[in-house]
Number of protein chains: 2
Amino acid sequence: MREDLLSRRAIRMKANDIREILKWISQDVISFGGGLPDPSTFPRDEIKEISRDVIEKYGDRALQYSLTEGIVELREELVRFAARDGMSVDGPDSVLVTVGSQEAIELIGRVFIDEGDIVITENPTYLATLQSWSVYGPRIVGIPMDEEGMRTDILEEKLRSIYSGGGKVKLVYTVPTAQNPTGISMSVERRKHLLELASRYDIYIIEDNPYSYYVFEGSAPPHLKALDEEGRVIYLSTASKIFVPGLRVGWVLASGDVVRWLSLAKQAVSLHTSTLSQYLLLEALRRGIIERTVPRVRELYRRKRDAMLSALERHMPSGVQWTKPIGGMFIWVTLPSGIDARSLLKAAIVKYRVAYVPGAAFHVDGTGQNTMRLNFTYPSFEEIEIGVNRLSLAVREALEAGL
Amino acid sequence: MREDLLSRRAIRMKANDIREILKWISQDVISFGGGLPDPSTFPRDEIKEISRDVIEKYGDRALQYSLTEGIVELREELVRFAARDGMSVDGPDSVLVTVGSQEAIELIGRVFIDEGDIVITENPTYLATLQSWSVYGPRIVGIPMDEEGMRTDILEEKLRSIYSGGGKVKLVYTVPTAQNPTGISMSVERRKHLLELASRYDIYIIEDNPYSYYVFEGSAPPHLKALDEEGRVIYLSTASKIFVPGLRVGWVLASGDVVRWLSLAKQAVSLHTSTLSQYLLLEALRRGIIERTVPRVRELYRRKRDAMLSALERHMPSGVQWTKPIGGMFIWVTLPSGIDARSLLKAAIVKYRVAYVPGAAFHVDGTGQNTMRLNFTYPSFEEIEIGVNRLSLAVREALEAGL
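Quantities reported herein were computed from a predicted structural model and do not represent experimental measurements. (Residues numbered from 1 in each chain as written. Chains lettered and ligands numbered in written order. Predicted model: local features only at pLDDT ≥ 70, side-chain atom pairs only at ≥ 80, totals over all residues. Heavy atoms only, no water.)

### Quick look at the overall build of chain A
Line of reasoning, step 1. Helix and strand content of chain A: 14 helices and 14 strands.
Line of reasoning, step 2. Expected size for 403 residues packed as a compact globule is a radius of gyration near 22 Å; at 21 Å, chain A falls within 12% of this value.
Line of reasoning, step 3. Seen along its three principal axes, the alpha-carbon backbone of chain A occupies a region of about 60 × 60 × 55 Å.
Line of reasoning, step 4. Within chain A, the proportion of its 403 residues that are buried is 67%.
Line of reasoning, step 5. Considering only contacts in chain A between residues 6 or more positions apart, those separated by 24 or more positions represent 76%.
Line of reasoning, step 6. Entry remark: accessible area of chain A is about 13800 Å², with carbon and sulfur atoms responsible for 48%.
Line of reasoning, step 7. Within chain A, one finds 50 positive and 53 negative side-chain charges whose respective centroids are separated by 3 Å. (Helix = DSSP H or I, 4+ residues; strand = E, 2+ residues; numbered from the N terminus. Rg over C-alpha atoms; globule rule 2.2 N^0.38 Å. Buried < 20%, exposed > 50% of the residue type's maximum accessible area, 1.4 Å probe, protein only. Contact = heavy atoms within 4.5 Å. Areas by Shrake-Rupley, 256 points an atom, 1.4 Å probe, with all protein chains shown as cover. Lys, Arg positive; Asp, Glu negative; His and termini not counted. Charge placed at Lys NZ, Arg CZ, Asp CG, Glu CD.)

What follows is the structure in structure tokens.
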């Protein structure tokens, strides 16, 4: 095709490493790559039942065009769901239903980010957010993390220096609970500090929360949205991890005016989210299917995490480190410096039949060459054991070759 | 909220008139506004059956994350569907499944259009395309139409003058068959001329085709895509008008490299289209449900068109003109010049309880103040009769007031 017809925006698009890697993977490769839920947890029979009931109960409405904001009944149900989670939301006008959280991230980029705008994220942060926003050309400033999450003291310094230089920050993006990719949760003190800084500098916070449902130890810390008294948190969540991903339903909780802008943007992007998908989620919430499913899945994922930690402990050569995530779906591995996880990947797949996501793509500053993200929710227990063993062999070989 | 945080892009966003108007409408208003299919045509029982079967047959795959390009089985089925319609498509790699055609339009804007780029459309043209692309800041050049569609002789002159001035054109966007909003179809000669011009100047053509399934007189003219020997047509269609709109499934047929770029863009926008929706469409195609439904719906829509034409004939004051569309879902009405259809709308809704879409928003050049689009597929026969009568009273009042 004629490359000269492409927009400058297109030139900035980078293939999402995870999606690209998924394509190489054949049957006999054990994948720790994607962020897929364990399909054995899908409430298949209930969904079969609900599909029938929804079409009988709501009739043509379940199959017709619907409001860009989302069907009212679902938005009302999501207000109640948020309340159970400690978040007070004004009403359905403060909710926008999206095509997964991915669309919400895209809409936020579209509505807020101009070329050169400063956006703050954790470093590393969620790959697909970086990918989505990259087309809008922001300057991403990454804040390092420790075991309590984003180093808000460093954020404070950064903000001071940006604002004293005449700059301003558009957004702070955070996955505060069981972060993707590191599995780290932000402490309550840091959350309060972040909100205080956002208030001082009048900045919106994007709280991306797919994982708080899967916190294995203790309870999940309060959402930023629950602590927010000024309406400056734009909260994102999704049915992908607590129900099924294939329906592509996510949602935004935010002030009514933010929802109106995002909704205006959504008109031109997808018009509305699948009506049938929305009704399926609505009925799953009403019937308590999600509340019943989540604790069972949480326990399964906790055991899978433990299995992967144990396998790493037994197989990995010394010098390799990894997080002990308190929740979520990923373990974050740091190889001895000098080993490039991206170069290692091809050998890992082709020779050792195991896949992962190289960590560099999650970094905003070109660092993290020696890191990788391992998913523990999708593979079976047996695959976790065999796959970690294979991965260890690949790492040992790289260490010996001094790669 | 803080308007200073909005992107310049957001400032360009305009609410889609149709969506805004739908919000004002209460039960007792007859709406000719939206482009909704008649819900009595939805194959509800079959969809109930298919949902059950799909979950039984495809199991977790129907509920899991899936490929950004769309599930392979559906893309293969769409290749066969295209072949029945005279279009030869290389294979599934030349198909992208989208969240309705709306997402396809958005992705094309994202991949191709930079600020100031020249894009050609019919004038008037599909409102939501203008809305979607407006955020990318193109210079839209509208080409007038007559009863044979886009005036390609005028297009030829325009192209000559643009290129001789050192400019270039990125895309030509057309709804060649039963156009939205005018209901006009482009003649075969014009189609060939358009392809010839696109070839001479090396331009992509976007062929947006939701309506060729509903051509009431004779057969639909061949698709531009079917006449295209150079792979320069990017063809869009949707399940919204031939199956059900609520699933949000559309598709693009294009050369493999165009599909790869659009797919890369889609990763960051929606990740993928609802897996369940895709399997539902797949099975509906395989079971021949769509082939069986379309002729029945076509006949119903033809009768509804005739009912609206007859009502317009009987009720409208002289000086009002309208198209006799050979297909599609809309009649395009031109009021005596000087009457502003947008000003008239509020009175029409509040006093006369009838709604339509003012035509100005479909125009790229600020003209069309005295035009309106009427949908005849959604209202019942009774509503068509009563609604046109009400609309005629509103128009008479405006004429008498000399508005």
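### Some details on the sheet that holds strand E14 (residues 371-375) of chain A
All names here are of chain A.
Line of reasoning, step 1. Read from one edge of the open sheet, four strands run E10-E11-E14-E13, paired in antiparallel fashion. Strands with a single pairing partner mark the edges of an open sheet, and in this sheet they are strand E10 (321-322) and strand E13 (357-358).
Line of reasoning, step 2. In this structure, E10 lies alongside strand E11 (residues 330-334), joined through two bridges in antiparallel fashion. Counterpart to Trp322 in the pairing with E11 is Val333. (Pairing = 2+ DSSP bridges.)

### Considerations on the sheet that holds strand E5 (residues 149-150) of chain B
Residue and element names in this part refer to chain B.
Line of reasoning, step 1. Taken in spatial order, the eight strands line up as E2-E9-E8-E7-E6-E3-E4-E5 in an open sheet, and their pairing is mixed. Since the sheet does not close on itself, it has two edges, and those belong to strand E2 (95-98) and E5, each with one partner.
Line of reasoning, step 2. As defined by bridge partners, strand E3 (residues 118-123) adjoins strand E4 (residues 139-146) across six bridges and the pair is classed as parallel. Residue Ile118 lies in a different strand from E4, and its bridge partner there is Arg139.
Line of reasoning, step 3. Sheet contacts for helix H5 (residues 100-112): E2, strand E6 (169-174), strand E7 (204-208), strand E8 (233-238) and strand E9 (250-253); angle to E8, the most-contacted strand, approximately 155°. (Axes fitted to C-alpha atoms, helices over the stretch in contact; angles between N-to-C directions.)

### Considering the relation of the copies chain B and chain A
Line of reasoning, step 1. Superposition of chain B onto chain A requires a rotation of 180° combined with a translation of 0.0 Å along the rotation axis, giving an RMSD of 0.0 Å. What we have between these two chains is a two-fold relation. Taking C-alpha positions as reference, the residue of chain B nearest the rotation axis is Ser51 of chain B, located at 3.3 Å.
Line of reasoning, step 2. When the interface residues of chain B are mapped onto chain A, 100% of them again fall at the interface, so both copies present the same face. (Least-squares fit on C-alpha atoms with pLDDT ≥ 70 in both.)

### Observations concerning the interface of chain B and chain A
Line of reasoning, step 1. At the junction of the two partners, chain B supplies 84 residues and chain A supplies 84 residues.
Line of reasoning, step 2. Contact between chain B and chain A buries roughly 7400 Å² in total, counting both sides, with carbon and sulfur atoms accounting for 55%.
Line of reasoning, step 3. Where chain B touches chain A, the interface holds eight salt bridges.
Line of reasoning, step 4. Lys48 of chain A is the partner of Glu56 of chain B in a salt bridge, and the nearest nitrogen-oxygen pair spans 3.1 Å.
Line of reasoning, step 5. At the surface where chain B touches chain A, the tally comes to 43 residue pairs in polar contact (both at pLDDT 80 or more).
Line of reasoning, step 6. Breaking the side of chain B that touches chain A down by element, the ones donating at least two residues are helix H1 (8-12), helix H2 (17-24), helix H3 (44-58), H5, helix H6 (127-134), E6, helix H10 (256-269) and helix H11 (275-286) of chain B. (Buried area = accessible area lost by both parts, 1.4 Å probe. Salt bridge = Lys/Arg side-chain N within 4 Å of Asp/Glu carboxyl O. Polar contact = N/O pair within 3.5 Å; in protein donor to acceptor, adjacent residues only side chain to side chain.)

### Brief notes about the domain arrangement of chain A
All names here are of chain A.
Line of reasoning, step 1. Here chain A is described as being made up of domain 1 (3-42 + 293-401) and domain 2 (44-290).
Line of reasoning, step 2. With centres defined by C-alpha atoms, the gap from domain 1 to domain 2 works out at 24 Å.
Line of reasoning, step 3. Buried surface at the junction of domain 1 and domain 2, summed over both partners, amounts to about 3100 Å²; 62% is from carbon and sulfur atoms.
Line of reasoning, step 4. When residues of domain 1 are sorted by the area they lose upon contact with domain 2, Arg12, Ile326 and Val364 head the list and together hold 22% of the total.
Line of reasoning, step 5. Where Arg305 meets Glu217, a salt bridge forms, and the shortest distance between an N and an O atom there is 2.8 Å.
Line of reasoning, step 6. At the boundary of domain 1 with domain 2, the tally comes to 13 residue pairs in polar contact (both at pLDDT 80 or more).
Line of reasoning, step 7. Where the side of domain 1 that touches domain 2 is concerned, the elements lending two or more residues are helix H1 (8-12), helix H2 (17-24), helix H12 (289-315) and E11.
Line of reasoning, step 8. Tallied by class, residues from the side of domain 1 that touches domain 2 come to 18 nonpolar, eight polar and nine charged. (Domains from an automatic or database assignment. Nonpolar A, V, L, I, M, F, W, Y, C, P; charged D, E, K, R; others polar.)

### Focus: the pairing of strand E7 (residues 204-208) of chain A
All names here are of chain A.
Line of reasoning, step 1. With five of five residues buried, E7 is to be regarded as a mostly interior element.
Line of reasoning, step 2. On E7, burial covers both faces: Tyr204, Ile206 and Asp208 on one face and Ile205 and Glu207 on the other are all buried.
Line of reasoning, step 3. Where strand E6 (residues 169-174) meets E7, four bridges bridge the pair, whose relative direction is parallel. From the neighbouring strand, Val172 faces E7, where its bridge partner is Ile205.
Line of reasoning, step 4. Note on the crossover from E6 through helix H8 (residues 188-201) to E7: the handedness is right-handed.
Line of reasoning, step 5. Two elements, E7 and strand E8 (residues 233-238), share four bridges in a ladder whose sense is parallel. Looking across to E8, one finds that Glu207 is bridged to Tyr235. (Right-handed = clockwise from strand over helix to strand, strands pointing away.)

### Some remarks on the environment of Ala401 of chain A
Residues and elements named next belong to chain A.
Line of reasoning, step 1. Secondary-structure assignment places Ala401 in helix H14 (residues 381-401).
Line of reasoning, step 2. The exposed category is assigned to Ala401, whose relative accessible area is 53%.
Line of reasoning, step 3. Ala401 sits 62 residues away from Ile339 along the chain, and the two C-alpha atoms are 10.0 Å apart.

### Concerning the pattern of salt bridges
Line of reasoning, step 1. Taken as a whole and assessed by the stated rule, the structure comprises 63 salt bridges over all chains.
Line of reasoning, step 2. In this structure, Glu106 of chain A and Arg110 of chain B form a salt bridge, with 2.7 Å as the shortest nitrogen-oxygen distance. Of the two residues, Glu106 of chain A sits in helix H5 (residues 100-112) while Arg110 of chain B sits in helix H5, which places them in two different chains. Arg110 of chain B matches Glu106 of chain A in its accessibility class, with the two residues each being buried.
Line of reasoning, step 3. Through salt bridges with shared partners, a single network forms among Arg52, Asp53, Lys57, Glu77, Arg80, Glu283, Arg286 and Arg287 of chain A.

### Points about the confidence of the model for chain A
Should pLDDT be low for a region, the predicted coordinates there are not to be read in detail.
Line of reasoning, step 1. With 97% of its residues at a pLDDT of 70 or more, chain A has an overall mean of 94.
Line of reasoning, step 2. The ipTM assigned to the predicted complex is 0.94, against a pTM of 0.95. (pLDDT = per-residue confidence, 0-100.)

### Some remarks on the packing of aromatic side chains
Line of reasoning, step 1. A full pass over the atoms with the stated rule returns 20 aromatic pairs over all chains.
Line of reasoning, step 2. Each ring, one from Tyr58 of chain B and one from Tyr279 of chain B, has its centre 4.3 Å from the other, and the planes form 35°; the classification is tilted. One end of the pair, Tyr58 of chain B, is in helix H3; the other, Tyr279 of chain B, is in helix H11, and 221 residues separate them in sequence.
Line of reasoning, step 3. With centroids separated by 6.2 Å and ring planes inclined at 25°, the aromatic side chains of Phe81 of chain B and Tyr213 of chain B adopt a geometry described as stacked. Of this pair, Phe81 of chain B sits in helix H4 (residues 72-84) while Tyr213 of chain B sits in the loop between E7 and helix H9 (224-227), and the two are 132 residues apart along the sequence. Of the two residues, Phe81 of chain B and Tyr213 of chain B, neither departs from the other in class, the shared state being buried.
Line of reasoning, step 4. Ring-pair connections join several aromatic residues into one group, and the members of that group are Phe81, Tyr213 and Trp251 of chain A.
Line of reasoning, step 5. Note that Lys304 of chain A overlies the ring of Phe381 of chain A, its terminal NZ or CZ placed 5.9 Å from the centroid.
Line of reasoning, step 6. Residue placement shows Arg373 of chain A over the ring face of Phe330 of chain A; its charged tip is 3.7 Å from the ring centre. (Phe/Tyr/Trp six-rings, centres within 6.5 Å; stacked < 30°, edge-to-face > 60°. Lys NZ or Arg CZ within 6 Å of the ring centre and 35° of its normal.)

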